[in-house]
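# A closer look at the structure
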Amino acid sequence: MKLLVFLLSSILVLNAQAVTIEFPEEELARESVLPIFDNAIAVKSRLVPTAKRFELGLSTGLGMNEPFFSTLRYGGHVGYHFNETHAVVLMGQLYGDGLNNNGDTLANTVFVGERLRMDFAPQTTYHFLANYQITPYYGKISVFKDFVMNLSLYGLLGLGMMDIGGEATPVFNAGIGQKFYVTKNWGIRADLGLMAYQGLNYFLGSGGTQSPLIDVVATPGDEPTAVLSPSAFEKEMNYDLHLSIAVIFLL
């Protein structure tokens, strides 16, 4: 009897092993799966909301590649945030007057009986920009163990005007920046931008002639006696790399 039961059990096991169960391939689990998030929100509760708010700022900065004139600049901006990502910012800066070390050296050093009187060259007095601002990142940074500062990274793209010796010229601007928020209303803003514009070539006069700034030392009376007009110089594409730091207030 026991032998008969054993034989029957073995037959059933062999038959079960011979059965192959197949499932459609699309119903099988993949080796890796990706979670699905609907309406993912990176930051659920922002400490510093900016949507529908105005931003005011006072800034100071410098021209990082200015070859001849003062690199100091100061001004301000006003902006409006349509939402947490998109904003428009109007910026303006006045330029410091006078020459830097390079310009002063050119104005007072004689090269082969000539010197370039940069002290009579038309200078840039201000620029004004209307920028579109996009802020793809908002987060926090822990500066010290018990102190957390909110920050945001953004990009700038815009157009504007620049005054060179009383003559206005259009400007294209692109840049990046970062804000550090001290409170919900106060913060610090740092901008690094590059402006492209049709500027002056101080080494060539209009039409490719000799620069009117050249003073022939051996011929008294040839030196310029007043600041020259921008129209006296050859035009060329110039690029201005500028950095500014601003204290900002959100309304």
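The text that follows walks through the structure, step by step, so that each part is easy to find. (Residues numbered from 1 in each chain as written. Predicted model: local features only at pLDDT ≥ 70, side-chain atom pairs only at ≥ 80, totals over all residues. Heavy atoms only, no water.)

### Topic: the overall build of the protein chain
- If you tally the helices and strands in the protein chain, you get two helices and 10 strands.
- Overall, the protein chain shows an N-to-C arrangement of helices and strands of α-β-β-β-α-β-β-β-β-β-β-β.
- Looking at the protein chain residue by residue over its 251 residues, the buried ones come to 34%.
- Within the structure as shown, the protein chain displays about 15700 Å² of accessible surface, and the carbon and sulfur contribution to it stands at 65%. (Helix = DSSP H or I, 4+ residues; strand = E, 2+ residues; numbered from the N terminus. Buried < 20%, exposed > 50% of the residue type's maximum accessible area, 1.4 Å probe, protein only. Areas by Shrake-Rupley, 256 points an atom, 1.4 Å probe, with all protein chains shown as cover.)

### Brief notes about the environment of Asn-65
- Here Asn-65 lies in the loop between strand E1 (53–63) and strand E2 (72–81).
- The spatial distance from the C-alpha of Asn-65 to the C-alpha of Leu-241 is 5.9 Å, given a sequence separation of 176 residues.
- Dropping the residues within four chain positions of it, Asn-65 is found in contact with Tyr-239, Asp-240 and Leu-241.
- A polar side-chain atom of Asn-65 sits 2.9 Å from the main-chain carbonyl oxygen of Tyr-239.
- There is a polar contact of 2.9 Å between the side chain of Asn-65 and the backbone nitrogen of Leu-241. (Contact = heavy atoms within 4.5 Å. Polar contact = N/O pair within 3.5 Å; in protein donor to acceptor, adjacent residues only side chain to side chain.)

### Considerations on the packing of aromatic side chains
- Tallying each qualifying case throughout the model produces eight aromatic pairs.
- Between Phe-68 and Phe-69, the ring centres sit 6.3 Å apart and the planes meet at 75 degrees, which makes this aromatic pair edge-to-face. One exposure class covers both Phe-68 and Phe-69, and it is buried.
- Between Phe-69 and Tyr-202 the ring centres are 5.7 Å apart and the planes differ by 75 degrees, which places this aromatic pair in the edge-to-face class. Here Phe-69 is found in the loop between E1 and E2, whereas its partner Tyr-202 is found in strand E8 (residues 186–205), with 133 residues between them in sequence. (Phe/Tyr/Trp six-rings, centres within 6.5 Å; stacked < 30°, edge-to-face > 60°.)

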